[in-house]
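If you want the building blocks of each chain, they are given just below.
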Amino acid sequence: GTLQSTTFAVAKRAGHWQGSEWRDCKIPAKGWNISFPAQKGANLVSMSTVQDLQVAAAAVLTLLAYREENVASDGFEHSGQGALYWSLFKTVIWGASCSSLLRQ
């Protein structure tokens with residue numbers, strides 16, 4: 001089937017940057033532009049509260065922009081990868097030591 005939905009937000013990337021370069025105050029400006037349609041559908045009418053889909057869309061776009069700062073060219077976030085491997089290593093060592101204690 002097809003998705004029948006009203007467009008309530010359009011986000012476009014302005015400029016070219018990598019990582020957190022969008023935070024630099026240079027001309028031309030870099031960042032994300034979000035626009036909302038002039039005419040809202042009946043299901044989108046709400047006063048600027050958390051239930052307003054436009055407020056939610058702006059919040060989600062902010063979180064996505066923050067996440068994109070640490071995304072590598074392969075599309076994955078690699079920050080904290082060392083801590084992940086260290087945690088995995090400690091778990092394996094802990095499991096091996098518990099296993100040897102249970103055998104005694």
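In this report, we go over the structure that sits alongside the text. All figures in this text were calculated on a predicted structure; none of them were measured in a lab. (Residues numbered from 1 in each chain as written. Predicted model: local features only at pLDDT ≥ 70, side-chain atom pairs only at ≥ 80, totals over all residues. Heavy atoms only, no water.)

Describing the overall build of the protein chain
At step 1: Helix and strand counts for the protein chain come out as 2 helices and 2 strands.
At step 2: Each helix and strand of the protein chain, ordered N terminal to C terminal, gives the series β-β-α-α.
At step 3: Residues counted as buried form 11% of the 104 residues belonging to the protein chain.
At step 4: For the protein chain, the share of sequence-separated contacts (at least 6 apart) that also reach a separation of at least 24 residues comes to 42%.
At step 5: For the protein chain, the exposed area adds up to about 8700 Å²; of that, 61% sits on carbon and sulfur atoms. (Helix = DSSP H or I, 4+ residues; strand = E, 2+ residues; numbered from the N terminus. Buried < 20%, exposed > 50% of the residue type's maximum accessible area, 1.4 Å probe, protein only. Contact = heavy atoms within 4.5 Å. Areas by Shrake-Rupley, 256 points an atom, 1.4 Å probe, with all protein chains shown as cover.)

Notes on helix α1 (residues 53-68)
At step 1: A rise of 1.5 Å per residue sets the reference length of α1, with its 16 residues, at 22 Å; its end C-alpha atoms lie 22 Å apart and thus fit the reference within 8%.
At step 2: Among the residues of α1, Gln54, Ala57, Leu61 and Ala65 are the ones counted as buried. Buried residues of α1, seen end-on, are gathered within an arc of 75 degrees and therefore sit on one face of the element. Away from its buried face by more than 90 degrees, α1 exposes Thr62, Leu63 and Tyr66.
At step 3: Against the buried residues of α1 lie β1 (10-14) and β2 (31-35). (Expected span 1.5 Å × (residues − 1). Arc of directions from axis to C-beta.)

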